[in-house]
Amino acid sequence: MGELDIIFIIKMIIIGLVQGFTEPIPVSSSGHVMIASEILGLGEQGFTFAILTNTASLFAILYIYRKDIARLAINSLLYVKTKNYRYKSDFRFVFFIVIGTIPAAILGILLSDFIAENVSMTTIAIMLFFTGIALWVIRNLKGNKGERDITIKDAFIVGLGQAVALTPGISRSGATIISAIAVGMKQDTALRFSFLLYIPVSLGGVILGFSDFLHEPNKAELAIPYLAAFIATLLMTYFAMKWFMGIMKNGKLVYFTYYCFITGALLLIFF
């Protein structure tokens, strides 16, 4: 393996770390991957690479919420089978996850190519400003809705937030958490709903992109760099998510407002 190969692997690891760190937090992972790729001179990363790193982040989120996922799945099936009232709240929560998934699924299919072709550093900068403003607006909101209090309207509004986040620069976690808090959810409920909502959309993207991954023409020579990026993304997503859960618990979302404003300004100045 030559020096250039090693440098390329290191760059892929850096991109993986950026993806992993920014996926859970409200600063736009896709936007930051584009920024990092530009700085490292890698150009635009292909769809296959995006699917790969997104899968790594998905695995980390699945692991963190494995107990919630198992409980929701088992109790939902038990409710369908028995109609026992004690399983109803978990069944309703899963139903609301499905409702919240619909807007992003539809817009993702219809507009993904258009969005990918019309994104620039200026677009990312402007979207970061919008994210920062939205975070500032909801910084002091303290909702009182738990999992049992969510309505179809709430789920759909949060789903619209996730759909808006298809644009690089608009954070998916930020848009869904902001929307969830805006409709009155408690912060821990907003966090859980946001990331359980992430799972079906992310899983759908992985399934739809799997054929592209199989037909990647340079799989053999990219195997080691891609594996390194996958592992880096997986580990970093896990630790970033744990860190962000602590941030949410302490009600410090406002910190990300400042970050979005500063990063957006730097992009406008230097790019």
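Look up: the structure comes first, before these words.
Computed from a predicted structure; not experimentally measured.

Regarding the overall build of the protein chain
Along its length, the protein chain carries eleven helices and zero strands. Helices and strands appear in the protein chain in the N-to-C order α-α-α-α-α-α-α-α-α-α-α. Computed over the C-alpha atoms, the radius of gyration of the protein chain is 19 Å, within 12% of the 18 Å expected from 2.2 N^0.38 for a compact globule of 271 residues. On the principal axes, the C-alpha backbone points of the protein chain span a range of 65 × 40 × 35 Å. Of all 271 residues assigned to the protein chain, the portion counted as buried reaches 48%.

Considering helix α6 (residues 121–137)
The terminal C-alpha atoms of α6, which comprises 17 residues, lie 24 Å apart, in line with the 24 Å expected from a rise of 1.5 Å per residue. In the core, the buried residues of α6 are packed alongside α2 (29–39), α8 (172–182) and α11 (254–270).

Looking at helix α7 (residues 152–164)
Along its 13 residues, α7 runs 18 Å from first to last C-alpha, staying within 8% of the 18 Å computed at 1.5 Å per residue. When α7 is considered as a whole, its buried residues turn out to be D154, A155, V158, G159, G161, Q162 and A163.

Looking at the side chain of D154
By secondary structure assignment, the location of D154 is in helix α7. In terms of polar contacts, D154 uses its side chain to reach the side chain of T151, at 3.1 Å. Excluding anything up to four places from it in sequence, D154 contacts K145, D149, V183 and M185.

Remarks on the environment of S89
You can see S89 is positioned in helix α5 (residues 88–117). Between the alpha carbons of S89 and D149 there is a distance of 9.2 Å; along the sequence they are 60 residues apart.

Regarding the pattern of salt bridges
Scanning all chains against the criterion turns up six salt bridges. Across the pair D68 and R192 runs a salt bridge whose closest N-O atoms are separated by 3.8 Å. In this pair, D68 sits in helix α4 (residues 66–82) while R192 sits in helix α9 (residues 187–214), placing the two residues 124 residues apart along the sequence. Assessed through its relative accessible area of 16%, D68 is described here as buried. Through salt bridges with shared partners, one network takes in D68, R71, D90, E147 and R192.

Brief notes about the side chain of S194
Along the chain, S194 turns up in helix α9. Once residues within four sequence positions are removed from consideration, S194 is found in contact with R172, S173, T176 and I177.

Focus: the packing of α6 against α11
Relative to each other, α6 and α11 sit at 160°, their axes nearing to 8 Å. Looking at the two axes, α6 sits roughly antiparallel to α11. Taken as a pair, α6 and α11 cross one another with a handedness that is left-handed. For the pair formed by α6 and α11, the contact residues are M121, T122, I124, A125, L128, F129, T131, G132, I133, L135 and W136 on the first element and V254, F256, T257, Y258, C260, F261, T263, G264, A265, L267 and L268 on the second. A class-by-class count of the residues in the contact of α6 with α11 yields 16 nonpolar, six polar and no charged.

Notes on unusual backbone geometry
Trans peptide bonds make up most of the peptide bonds, and negative phi angles are found at most residues other than glycine. Located in the positive-phi region is S28, a residue other than glycine, with phi close to 75°. Note that S28 resides in the loop between α1 (3–22) and α2.

About the thresholds
- Residues numbered from 1 in each chain as written.
- Predicted model: local features only at pLDDT ≥ 70, side-chain atom pairs only at ≥ 80, totals over all residues.
- Heavy atoms only, no water.
- Helix = DSSP H or I, 4+ residues; strand = E, 2+ residues; numbered from the N terminus.
- Rg over C-alpha atoms; globule rule 2.2 N^0.38 Å.
- Buried < 20%, exposed > 50% of the residue type's maximum accessible area, 1.4 Å probe, protein only.
- Expected span 1.5 Å × (residues − 1).
- Contact = heavy atoms within 4.5 Å.
- Polar contact = N/O pair within 3.5 Å; in protein donor to acceptor, adjacent residues only side chain to side chain.
- Salt bridge = Lys/Arg side-chain N within 4 Å of Asp/Glu carboxyl O.
- Axes fitted to C-alpha atoms, helices over the stretch in contact; angles between N-to-C directions.
- Parallel < 35°, antiparallel > 145°, perpendicular 65-115°, else oblique.
- Left-handed = near helix turned anticlockwise from the far one by under 90°.
- Nonpolar A, V, L, I, M, F, W, Y, C, P; charged D, E, K, R; others polar.

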